[in-house]
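Here is how the chains run, residue by residue.
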Amino acid sequence: MARKQAWNPEHLPDLTGRSYLVTGANAGLGYFASEQLVGAGARVYMTGRSPNRLMAARAALRRRNPDAADRVETLLLDTSNLGSVRAAAATIGGRGALDGLLLNAGIVHPPKERESTADGNEVVFATNVLGHFALAGALLTSLAKATGRMVWLGSMSTSMWKYDPVDPQLVSAYTGWRAYVQSKVATAALGLEADRRLRSAGVAVSSVVAHPGYSTSGRTPGIVGVNSPTRLTRFADNLQFAITQSKEHGAWTLVRALVDPEVDGGEFWGPRLVARGEPHRGRASKITRDPEIAERLWAVCEDASGVRWPFAKAAKVAKR
Ligand SMILES: NC(=O)c1ccc[n+]([C@@H]2O[C@H](COP(=O)([O-])OP(=O)(O)OC[C@H]3O[C@@H](n4cnc5c(N)ncnc54)[C@H](OP(=O)(O)O)[C@@H]3O)[C@@H](O)[C@H]2O)c1
C-alpha cells in the first residue's frame, strides 16, 4: 500500500496467509473488523458467546463476500467465563501461529446493579478486561510464532472520567457507567503495560491500544443478523451525525492498529477527530499511561484469572 494514501479498508495490505482472532465478532465493531480483515485475504476466527448470533454473522459475512467463505471460522468464546476462554484458547493454540488478536468484545450497556459471573467476578470487569487478559496470555506463544500483535479496546471516555480503578471489581460504589469507564481504563492500561513487559522479556509480540471514537449502530448499514437498529435509533443517532460515525468506519482504526506494519507496540490509535474520522496515532489518556496503576491492575488480573503470561516460553519462540 502506498503510504501517502489515506487508510482505507479497500486498500489494506495483502493479508493472505495471515490469521486473526476477533472477540465479539458477531456484531458491531467486531463484525466489521472481521469483514475488513477477510476482505484483505486473511483467515478470521470470529468468536462470540452465542452460537446463533455467530452463525448469523458468519452467514452475513459470506453473503457480502462470497470469495471469503472458506476463510471465516466461528468459535464459541464467552469472555466473561474463564473456562470458555481456556477452551477457545486451547482450540486456537492447537492451530499454530496467530498473527493478531483483536480484544474487542465488551458490555457497553452495563447492568444498573452490580452482577457477578459464575467465576465470582463483577460482570463488566470480567467481560471487558479479565477474559481478554486470560485469552491474550493463553495465546501468547501462538502470537510469538507469527511475530504477532494484540489490540486492546480503549475508549475516549477515559479522558473525561478519570476513575482510578483502586476497586476494579467495584465491590463498593458500583454504578454502570463507572463499571464501563473503569473497564476501559483497565484495558488501555493493561494494553500499554503488556507492551512494556513484552519488550522487557524480549517476546516478539507487540501490544497496541485503539479506540473507535463514537461509533453508533444507527449510523451503521443495516445487515440482517448483525445490525438492525429501530427507526427511532436511526433517527436519534442521525441527529448526532456531527460527532458520530458508523461502526463500519469505527472498525477502520481497530484494523489499522492490528495490521499496519508501521504501527508500533505501545502506541495508541483513534479517529483523527477523536469521535470520528480516519485512523490516527494519538496519545492515551493520562490515567491509562500511569505504570503504577497498570502494575496494580496486572496483579489483580493474575489473581482473579489464575493466568500468568508465559513470557519466558514465548521469548524462546522468537526474540523481539
Ligand atoms: N461503539 C463505540 O462508540 C465504542 C467507543 C469506545 C469503545 N468501544 C468498545 O468497542 C468494543 C465493541 O463495541 P461495539 O460498539 O461494537 O458494541 P456492540 O455493538 O454492543 O458489540 C459488542 C460485542 O461484544 C460481544 N460481547 C458482549 N459480551 C460478551 C461476552 N461475555 N463474551 C463474548 N462476546 C461478548 C457482543 O456479543 P453479543 O451479541 O452476544 O452481546 C457483541 O458481539 C467494546 O469493547 C467497546 O467498549 C466502542
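The shown structure was predicted, so the numbers you read here are calculated from the model rather than taken from an experiment.

**Here we look at the overall build of the protein**
On a plain count of helices and strands, the protein comes out with 11 helices and 10 strands. Taken against the 2.2 N^0.38 rule, which gives 20 Å for 320 residues, the C-alpha radius of gyration of the protein at 18 Å falls within 12% of a compact globule. By residue count, 57% of the 320 residues in the protein fall in the buried class. In the protein, the proportion of contacts linking residues at least 24 apart, taken out of those at least 6 apart, comes to 74%. Total accessible area on the protein stands at roughly 13,700 Å², and carbon and sulfur atoms take up 52% of it. Here the protein carries 40 positive and 28 negative side-chain charges, and the mean point of each set is 2 Å from the other.

**Describing the nonpolar core**
Within the largest apolar cluster, 47 residues are counted, with the highest numbers of intra-cluster contacts made by Leu21, Leu101, Leu135, Met150 and Trp309. The set of elements that each furnish at least two residues to this core consists of α3 (82-93), β4 (100-103), α4 (123-138), α5 (140-145), β5 (149-153), α7 (176-201), α10 (291-305) and α11 (311-317). Among the elements that take part in this core, α7 stands out by supplying eight residues, more than any other. Other than its neighbours up to four places away in sequence, Trp309 contacts Phe133, Ala136, Gly137, Leu140, Met150, Trp152, Ala194 and Trp298. By size, the runner-up hydrophobic cluster in this structure holds 38 residues, among which are Val44, Leu102, Val208 and Ile223.

**Things to note about the packing of α3 against α4**
It is the contact of α3 with α4, at a shortest axis distance of 9 Å, that shows an interaxial angle of 25 degrees. Taken as axis vectors, α3 and α4 run roughly parallel relative to one another. Of the two elements, α3 crosses α4, and the hand of that crossing is right-handed. Contact residues: Leu82, Val85 and Ala89 in α3; Leu130, Gly131, Ala134, Leu135 and Ala138 in α4. Class assignment of the residues belonging to the contact of α3 with α4 gives a composition of seven nonpolar, one polar and no charged.

**Thoughts on the site of the ligand**
Neighbouring the ligand are 26 residues; Arg49, Arg53, Tyr180, Ser215 and Lys247 lie closest to it. A distance of 2.8 Å separates an oxygen atom of the ligand from a polar backbone atom of Asn104. Alone, the ligand offers 890 Å² of accessible surface; in the complex the protein occludes 89% of this. Where the shell around the ligand is concerned, the elements lending two or more residues are α1 (28-39) and α7. Taken together, the residues that form the shell around the ligand break down as nine nonpolar, 12 polar and five charged.

**Observations concerning helix α2 (residues 51-64)**
With 14 residues, α2 extends 20 Å between its outermost C-alpha atoms, agreeing within 8% with the 20 Å of an ideal straight helix rising 1.5 Å per residue. When we look at burial in α2, the residues that qualify are Leu54, Ala57, Ala60 and Leu61. Along the axis of α2, the buried positions cluster into a sector of 125 degrees, meaning they face one direction only. Those residues of α2 that are buried lie in contact with α1, β2 (43-48) and β3 (72-76).

**Focus on the environment of Glu248**
Within the secondary structure layout, Glu248 lies in helix α9 (residues 247-259). Once the C-alpha coordinates of Glu248 and Pro221 are considered, the two residues, 27 residues apart in sequence, prove to be 7.8 Å apart. Not counting residues up to four positions away in its chain, the partners in contact with Glu248 are Phe32, Glu35, Gln36, Arg64, Thr220 and Pro221.

**Describing unusual backbone geometry**
Of note, the phi angle at Leu170 is positive, near 45 degrees, even though the residue is not glycine. Tracing the backbone through its elements, the reader meets Leu170 in the loop between α6 (157-160) and α7. We classify Leu170 as buried; its relative accessible area is 3%. Here the phi dihedral of Ala173 falls at roughly 60 degrees; this positive angle occurs in a residue that is not glycine. As for its placement among the helices and strands, Ala173 is situated in the loop between α6 and α7.

**Some words on the pairing of β5**
The element β5 is largely enclosed, with a buried count of five among its five residues. Side chains Arg149, Val151 and Leu153 project from β5 onto one buried face, and the interleaved Met150 and Trp152 project onto a second face that is buried too. Examined bridge by bridge, β4 and β5 share four bridges and lie parallel to one another. What sits directly across from Gly100, in β5, is Arg149.

**Topic: the pattern of salt bridges**
Scanning the entire structure with this criterion turns up 11 salt bridges. Among the ionic pairs, Arg43 bridges to Glu73, the shortest N-O distance being 3.0 Å. In this pair, Arg43 sits in strand β2 while Glu73 sits in strand β3, placing the two residues 30 residues apart along the sequence. Close ionic contact of Arg296 with Asp164 constitutes a salt bridge, the shortest N to O distance being 3.2 Å. One end of the pair, Arg296, is in helix α10; the other, Asp164, is in the loop between α6 and α7, and 132 residues separate them in sequence. Assessed through its relative accessible area of 33%, Arg296 is described here as partly exposed. Here Asp164 falls in the partly exposed class, since its relative accessible area comes to 29%.

Rules of the game
Residues numbered from 1 in each chain as written. Predicted model: local features only at pLDDT ≥ 70, side-chain atom pairs only at ≥ 80, totals over all residues. Heavy atoms only, no water. Helix = DSSP H or I, 4+ residues; strand = E, 2+ residues; numbered from the N terminus. Rg over C-alpha atoms; globule rule 2.2 N^0.38 Å. Buried < 20%, exposed > 50% of the residue type's maximum accessible area, 1.4 Å probe, protein only. Contact = heavy atoms within 4.5 Å. Areas by Shrake-Rupley, 256 points an atom, 1.4 Å probe, with all protein chains shown as cover. Lys, Arg positive; Asp, Glu negative; His and termini not counted. Charge placed at Lys NZ, Arg CZ, Asp CG, Glu CD. Core = buried A, V, L, I, M, F, W, Y, C linked by side-chain atoms within 4.5 Å. Axes fitted to C-alpha atoms, helices over the stretch in contact; angles between N-to-C directions. Parallel < 35°, antiparallel > 145°, perpendicular 65-115°, else oblique. Left-handed = near helix turned anticlockwise from the far one by under 90°. Nonpolar A, V, L, I, M, F, W, Y, C, P; charged D, E, K, R; others polar. Near = heavy atom within 4 Å. Polar contact = N/O pair within 3.5 Å; in protein donor to acceptor, adjacent residues only side chain to side chain. Expected span 1.5 Å × (residues − 1). Arc of directions from axis to C-beta. Pairing = 2+ DSSP bridges. Salt bridge = Lys/Arg side-chain N within 4 Å of Asp/Glu carboxyl O.

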